[in-house]
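Structural overview for review
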Amino acid sequence: MQHGDLDNRLPPRWLVVFEGVIGVHAEQTDKAAYTFWAKLRRWRQAVRTYVIDGHANKVLWDLTWRQDYKFDIATFLPEHCENHVREWVDAHNVPCANVRWYASPEHLARQLA
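Residue positions are given per chain, counting from 1 as you read along its sequence in written order. Restriction of local features to residues with pLDDT of at least 70 applies here, the model being predicted, together with a cutoff of 80 or more for giving and counting side-chain atom pairs; totals for whole chains, interfaces and linings are based on all residues. Only heavy atoms go into the side-chain values, all of them from the structure, while hydrogens and water stay out.

1. Structural notes on the overall build of the protein
What counts, and what does not: A run of H or I in DSSP becomes a helix once it reaches four residues, and a run of E becomes a strand once it reaches two; helices and strands are each numbered from the N terminus. In this scheme, a residue with accessible area under 20% of its type's maximum is buried, one over 50% is exposed, and one in between is partly exposed, where area comes from a 1.4 Å probe on protein chains only.
A tally of regular secondary structure across the protein gives 5 helices and 5 strands. When the helices and strands of the protein are listed from N to C terminus, the series reads β-β-α-α-β-α-β-α-β-α. Along the three orthogonal principal directions, the C-alpha set of the protein runs to about 55 × 30 × 20 Å. Counting only residues that meet the buried cut, the protein has 34% of its 113 residues in that class.

2. Some thoughts on the sheet that holds strand β4 (residues 70–75)
Cut-off, in case you're wondering: Only when DSSP finds a minimum of two bridges between them are two strands counted as paired. An axis is simply a line fitted to the C-alpha atoms; with a helix, the fit covers only the stretch in contact. Between two such axes, the angle follows the N-to-C directions and lies from 0 to 180 degrees.
Strand order in the open sheet made by the 3 strands is β1-β4-β5, with parallel pairing throughout. In this open sheet, the two edge strands, each paired with only one partner strand, are β1 (13–17) and β5 (98–101). Between one strand axis and the next, the sheet turns through 30° on average, direction left out of account. Note that β4 and β5 share 4 bridges and pair parallel. Bridging across to β5, T75 finds its partner in W101.

3. Brief notes about the nonpolar core
So the rule is basically this: Nonpolar cores are built from buried Ala, Val, Leu, Ile, Met, Phe, Trp, Tyr and Cys residues. Side-chain atoms within 4.5 Å join them into one set. Should any heavy atoms of two residues lie within 4.5 Å, those residues are counted as being in contact.
The biggest cluster of nonpolar side chains holds 23 residues, and the ones touching the most others in it are F18, I22, I73, L77, V85 and V89. Those elements giving two or more residues to this core turn out to be α1 (28–39), α2 (43–47), α3 (54–67), β4 and α4 (82–91). Ignoring anything within four residues of it in the chain, the contact list for V85 reads F18, V47, T75, L77 and V99.

4. Points about the packing of aromatic side chains
Applied cut-off: Note on aromatic pairs: the rings of Phe, Tyr and Trp (six-membered ring only in Trp) are paired at centre separations within 6.5 Å, and the planes decide the class, stacked below 30 degrees, edge-to-face beyond 60, tilted for the rest.
Inspection of the entire model under this criterion finds 5 aromatic pairs. Among the aromatic side chains, those forming a connected cluster through ring pairs are F18, Y34 and Y50.

5. Section: the pattern of salt bridges
Pairs may arise between side chains of opposite charge once their charged atoms sit close together. As a reminder, the rule being used: We define a salt bridge as a side-chain nitrogen of Lys or Arg found within 4 Å of a carboxyl oxygen belonging to Asp or Glu.
One pass over the structure, following the stated rule, counts 5 salt bridges. The shortest N-O distance in the salt bridge between D72 and R13 comes to 3.0 Å. Highlighted residues: D72 in strand β4 and R13 in strand β1, separated in sequence by 59 residues. Judged by relative accessible area, D72 falls into the buried class, the value being 12%. We note a salt bridge from E82 to R86, for which the minimum N-O separation is 3.3 Å. Of this pair, E82 and R86 are both found in helix α4, 4 residues apart, which corresponds to roughly one turn of the helix. Taking relative accessible area as the criterion, R86 reaches 29% and is therefore assigned partly exposed.

Structure follows, in structure tokens:
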């Protein structure tokens, strides 16, 4: 509802990639830590080596509030990381509806086509 009128249009839905956009490795040591935890298959610790980018989070919240956009997050990390990415973005209050795992960018492109 905007300006007293009912609106039947669906809000735009955006797909944002977790690695490098929402979650970043602030330093080279974070990448080494990710590699270490991934080799041990400790996926929760591996995902937590990513730092949530504060500016990107603010932009997502701004678009959510002012433009009524909806966001989904895509991740190309190993499949076991999907739930841990979901927990990590929820813990940092990133406004997203879903977290989805894709094997590769090509797999994502085929799903969108």
